[in-house]
Amino acid sequence: MLERSVATPLPPASGGTPMLETDDVARFFDVSRPLIQRVIAREGKRMLRAVDGVSFAIPKGTTLSLVGESGCGKSTVARLVVGLYGPTRGKVFFDGQDLAVARSDASQRRRMQMIFQDPYASLNPRWRVRDIIAEPIRAFGLAQGTVEIDARVAELLTQVGLSPLDGQKYPHEFSGGQRQRISIARALSSNPEFLVCDEPTSALDVSVQAQILNLMKDLQSRLGLTYLFISHNLAVVRQVSDRVGVMYLGRLVELAPAETLFTTPRHPYTRALMEAIPDLDMTGRQRIPVGGEVPSPINPPSGCPFHPRCPLANDRCRAQRPELVAARGTPETQVACHAVEEGRDDPRPAPAEAQRAA
Amino acid sequence: MSNTRPLLEVRNLRVEFPTRRGTLVALDDVSFDIHPGEVLGVVGESGAGKSMTGAAIIGLLEPPGRIAAGSISLAGRRIDNLPYKEMRTVRGREIGAIFQDPLTTLNPLYTVGRQLVETMTTHLPLNPAQARKKAIEWLELVGIPAAAQRIDSYPHEFSGGMRQRVVIALALCAEPKLIVADEPTTALDVSIQAQVIALLKTLAREKGTSMMLVTHDMGVIAETADRVAVMYAGRIAEIGAVRQVVKHPAHPYTIGLMGSIPPISHRMDRLLQIEGAMPRLSAIPKGCAYNPRCPRVFDRCRGERPELLDAGDTRAACWLYDRADKDAAHAVAESGYGEVRHA
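The structure presented is a predicted model; accordingly, all values stated were derived computationally and were not measured.

J.: Would you mind going over the interface of chain B and chain A in detail, with residue names and values included?
T.: The interface of chain B with chain A comprises 48 residues on the first partner and 48 residues on the second. Contact with chain A buries surface across chain B, with B:Glu223, B:Ile264 and B:Arg267 losing the most and accounting together for 19% of the total. Connecting chain B to chain A are one salt bridge. We note a salt bridge from A:Asp218 to B:Arg270, for which the minimum N-O separation is 2.8 Å.

Dropping the structure here:
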């Protein structure tokens with residue numbers, strides 16, 4: 001097994017080695033001005049801490065979702081776990097193996113694929129759909145000869161709800177939802193076990209979003225896929241996830257089983273997020289919007305990054321950064337909050353839940 | 001609300017785009033009213049014509065798009081056929097506009113103060129000093145901290161949420177009677193979205209401004225609007241009080257649309273999904289445009305186009321609600337329609 005450099009306990013993964021595990025992973029980006037300007041202005045280097053110490057594990061066959069607002073680092077995590085970015089600190093393990101090692105081996109690389117947000121930008125407009133889907137099959141040598149490859153492409157197209165004849169067409173002949181189906185077919189063509197989905201339905205209309213979410217669920221149960229699902233939409237996340245991580249300014253502030261998170265959110269930020277969502281059941285409801293805005297990740301606040309917007313913040317929150325630990329009261333939840341740890345929070349269910357129960 | 005004269009009357013509006021391959025009809029026979037102080041939500045999926053309706057009202061249809069038939073009246077005065085210059089005074093003075101992207105709405109080269117002052121001196125009998133004082137008040141009203149200092153900042157010095165607040169101030173500062181807000185919160189994060197919606201709602205109520213709120217987000221509509229119009233393929237599919245449309249939709253498309261929205265309150269095994277996709281403007285089906293996707297389709301839907309009919313508490317463009325039609329009555333009785341399996 002792997003050794004941990006950080007004391008933060010991870011939940012025991014049921015069913016052996018997790019599909020994916022990150023250990024205190026961080027990614028910084030250098031956003032300094034050019035050297036000469038820096039020297040003239042006597043500034044130091046400026047680092048944007050996109051992801052700053054994130055640890056989680058995804059058991060095989062389950063879905064972990066990461067939610068958060070723009071700039072919280074969720075997409076950077078997606079890129080880190082498939083190796084599109086190297087971590088500045090910490091490690092990523094794919095099926096127990098260091099990702100850096102796994103990525104150098106085609107037979108391991110084949111097992112992970114990614115689905116992107118924008119189905120207009122992620123398909124080559126000059127290729128026929130057939131060739132887009134066949135490329136990974138050829139690259140990994142998963143089928144030999146035109147007949148065999150064509151048969152596999154037809155099978156994949158059928159699997160995602162398109163017609164095998166659609167392979168002859170070009171991406172521009174399809175609607176957004178159909179293009180996302182093509183992206184999924186391409187991702188599935190290398191027989192992966194782990195899919196990273198970065199906002200796969202954000203660019204789609206709601207009725208089409210329902211089609212794609214249902215498709216992704218079907219595929220998961222049929223093929224036993226493991227998903228890392230990135231989204232800013234909490235309602236979507238509730239529909240697809242087994243576990244949910246809430247990110248704020250490059251860190252996980254809460255990590256919990258999906259049902260627990262939605263029925264008893266603990267972190268003040270999670271509660272604020274849920275409170276902020278307009279819901280159909282809430283016609284005429286008065287909401288209490290969370291004040292303030294997300295601070296800059298170049299200059300994050302001291303202590304707990306949420307303290308400037310938090311109704312429960314005190315001196316300790318301003319000075320000391322909370323670690324992600326089991327929450328008092330709901331131990332299956334991990335939460336990074338001094339108020340929860342000290343019992344200063346309000347352990348009632350979320351306001352929306354309370355209203356629903358009433 | 002029906003005893004007052006509507007502020008905005010849209011009648012049989014038709015918008016066409018002439019193209020080399022024939023004329024595309026983007027809006028066809030769209031009629032609705034907005035009463036003083038009322039918020040009308042307009043929802044639909046991309047390409048349904050909701051933004052087009054907003055653009056037609058404020059007189060900013062992208063050429064070659066043009067109003068081919070019908071009329072738009074504001075407080076009893078036709079505004080769809082005004083010359084460009086006259087429409088410019090209407091826009092700003094009588095109709096304020098808020099668009100999705102605050103960065104493209106604001107002029108990046110002018111301070112926000114200058115933009116506010118210019119708008120007010122153009123439309124209101126104020127001198128620049130008075131207008132500047134008023135501008136600071138507006139910025140405070142929309143929740144910009146230290147407004148007296150921030151008034152001389154440029155748009156890029158504000159964050160996205162703050163910029164949208166400036167845009168709201170800009171749209172409201174000439175005290176228009178109607179605001180057309182096209183996806184005003186779509187570009188914002190949820191926590192900021194909530195702030196902006198709360199602000200729009202309060203200001204509209206305080207100033208008695210009517211609003212047409214165009215968005216694809218039913219949640220935003222459910223919270224903000226009094227009535228809602230659901231659009232599909234360039235036409236209104238259903239219109240009614242927001243509670244009724246959300247809880248007891250009548251049109252099969254609205255039912256599908258509401259059912260496909262993932263609820264935050266509980267987990268569903270499968271979301272209700274509408275098969276297929278909205279037709280392109282060049283290939284709108286004969287009869288009811290929704291008929292190829294409709295689970296309740298019957299013969300009449302394929303040949304005859306339905307007008308808005310009384311469907312209990314809402315009005316729906318669907319033959320199921322034609323009381324004179326025996327087939328339709330039968331179809332309704334069979335399915336026990338009108339409930340969304342949501343809660």
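So, next bit.
J.: Explain a nonpolar patch on the surface to me, using residue names and the numbers behind them.
T.: Residue and element names in this part refer to chain A. The grouping of Leu35, Ile36, Val39 and Ile40 at the surface amounts to a nonpolar patch, some 460 Å² of accessible area in total. Examined against the element boundaries, leucine 35 turns out to sit in helix α1 (residues 35-41). Given a relative accessible area of 57%, leucine 35 falls into the exposed group.

J.: Which residues make up the sheet that holds strand β1 (residues 20-30) of chain A, and what values do they have?
T.: All names here are of chain A. Pairing is antiparallel in the open sheet, where four strands are placed in the order β2-β1-β4-β5. With one partner strand each, in any of the chains shown, β2 (47-58) and β5 (97-98) form the two edges of the open sheet. Here β1 pairs with strand β4 (residues 89-94) via five bridges, running antiparallel. If you follow glutamate 21 over to β4, its bridge partner there is phenylalanine 93.

J.: Describe the sheet that holds strand β8 (residues 226-231) of chain A, listing the residues and the values that go with them.
T.: Residues and elements named next belong to chain A. Reading across the sheet, the eight strands line up as β6-β7-β8-β3-β9-β10-β12-β11 and stay open at both edges, with mixed pairing between neighbours. The open sheet has two edge strands, β6 (112-115) and β11 (325-326), and neither has a second partner. Note: strand β7 (residues 194-198) against β8, five bridges, orientation parallel. Across the sheet, aspartate 198 pairs through a bridge with isoleucine 230, a residue of β8. Sheet contacts for helix α7 (residues 176-188): β6 and β7; angle to β6, the most-contacted strand, approximately 170°. Its contacts with the sheet place helix α8 (residues 206-223) against β3 (63-67), β7 and β8, and it is angled at close to 160° to β8.

Cut-offs used in this document
- The residue numbers shown here count from 1 along each chain, following its written sequence.
- A letter from A marks each chain and a number from 1 marks each ligand, given out in the order of writing.
- For a predicted model such as this one, the threshold for reporting local features is a pLDDT of at least 70, and the threshold for listing and counting side-chain atom pairs is 80 or more; totals across whole chains, interfaces and linings nevertheless cover every residue.
- Side-chain metrics rest on all non-hydrogen atoms present in the structure, leaving aside hydrogens and water.
- Residues count as neighbours in contact if any of their non-hydrogen atoms are within 4.5 Å of one another.
- For any pair of parts, buried area is found by adding up, for both, the accessible area (1.4 Å probe) each one loses once the two are put together.
- For this document, the term salt bridge refers to a Lys or Arg side-chain nitrogen within 4 Å of an Asp or Glu carboxyl oxygen.
- The patch calculation keeps residues exceeding 30% relative accessible area without a salt bridge and links them within 9 Å when they carry like charges or within 5 Å when they are nonpolar (Val, Leu, Ile, Met, Phe, Trp, Tyr).
- Residue-level accessible areas treat just the shown protein chains as cover; the underlying method is Shrake-Rupley with a 1.4 Å probe.
- The numbering of helices and of strands both runs from the N terminus, where a helix is a DSSP run of H or I of at least 4 residues and a strand a run of E of at least 2.
- Residue exposure (1.4 Å probe, protein chains only): buried if accessible area is under 20% of the type maximum, exposed if over 50%, otherwise partly exposed.
- A strand pair is defined by DSSP finding two or more bridges across the two strands.
- In this analysis an axis means a line fitted to C-alpha atoms, helices contributing only their contacting stretch, and an angle means the value between N-to-C directions, from 0 to 180 degrees.

By themselves these figures say nothing about function.
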